[in-house]
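Structural characterization, general
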Amino acid sequence: PDESLSSAVIDQHQCSQDQYNEALQKLAESMQRSEMTRRHVMMHRSMLSAEQQRMLYLAKERLNQQMQQQQQQSSPTMMTSFFNGAARGSFAEKMEQSRKKISMYMS
């Protein structure tokens, strides 16, 4: 009985280790794709004319302003919910899910 338990623990550890290694490999591949995309975008930006670069800059500025306005409009509600504990349930659930996932990979 003890040997089969030990064998099961070892098998589970190997499976967890394999899953961890696979997840790590996928993360590395994703990071490489992200880097290639960044390089591609930077290459295309360097090919823009001065007017195109200016238009891109202005578009980014408008987007940033819109995002700031949206944050300012929604922040009081979000902050009130946070301090009143309304968001606690979903936050605690997400934290518990994360804790379980981490413990699965660490064991």
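Residues numbered from 1 in each chain as written. Predicted model: local features only at pLDDT ≥ 70, side-chain atom pairs only at ≥ 80, totals over all residues. Heavy atoms only, no water.

**Brief notes about the overall build of the chain**
When you go through the chain residue by residue, the secondary structure sums to 3 helices and 0 strands. Tracing the chain from N to C terminus, the helices and strands come up as α-α-α. With 107 residues in all, the chain has 1% of them scored as buried. Summed over its atoms, the accessible surface of the chain is roughly 9900 Å², and 59% of this surface lies on carbon and sulfur atoms. (Helix = DSSP H or I, 4+ residues; strand = E, 2+ residues; numbered from the N terminus. Buried < 20%, exposed > 50% of the residue type's maximum accessible area, 1.4 Å probe, protein only. Areas by Shrake-Rupley, 256 points an atom, 1.4 Å probe, with all protein chains shown as cover.)

**Re the pattern of salt bridges**
Any two side chains of opposite charge can pair, given that their charged atoms come close. Throughout the structure, instances matching the rule amount to 5 salt bridges. Taking the shortest distance from any N to any O, the salt bridge between Arg39 and Glu35 comes out at 3.1 Å. On the criterion of helical spacing, the pair formed by Arg39 and Glu35 is a turn pair, its members being 4 residues apart in helix H1 (residues 2–46). Taking relative accessible area as the criterion, Glu35 reaches 30% and is therefore assigned partly exposed. Connected through shared salt-bridge partners, Glu35, Arg38 and Arg39 make up one network. (Salt bridge = Lys/Arg side-chain N within 4 Å of Asp/Glu carboxyl O.)

**Observations regarding the confidence of the model for the chain**
Residues at a pLDDT of 70 or more form 70% of the chain, whose mean pLDDT is 80. Within the chain, helix H3 (residues 88–106) has the poorest average pLDDT of any element, 74, and H1 the best, 83. (pLDDT = per-residue confidence, 0-100.)

**Details of the environment of Arg99**
Mapped onto the secondary structure, Arg99 falls in helix H3. Engagement of the side chain of Arg99 in a polar contact is seen with the side chain of Glu96, the distance being 2.5 Å. (Polar contact = N/O pair within 3.5 Å; in protein donor to acceptor, adjacent residues only side chain to side chain.)

**Considerations on a nonpolar patch on the surface**
A contiguous nonpolar surface patch, about 390 Å² in accessible area, is contributed by Tyr20, Leu24, Leu27 and Met31. Tracing the backbone shows Leu27 in helix H1. According to the relative accessible area criterion, Leu27 is partly exposed, its value standing at 47%. (Patch = residues over 30% accessible without salt bridge, like charges linked within 9 Å, V, L, I, M, F, W, Y side chains within 5 Å.)

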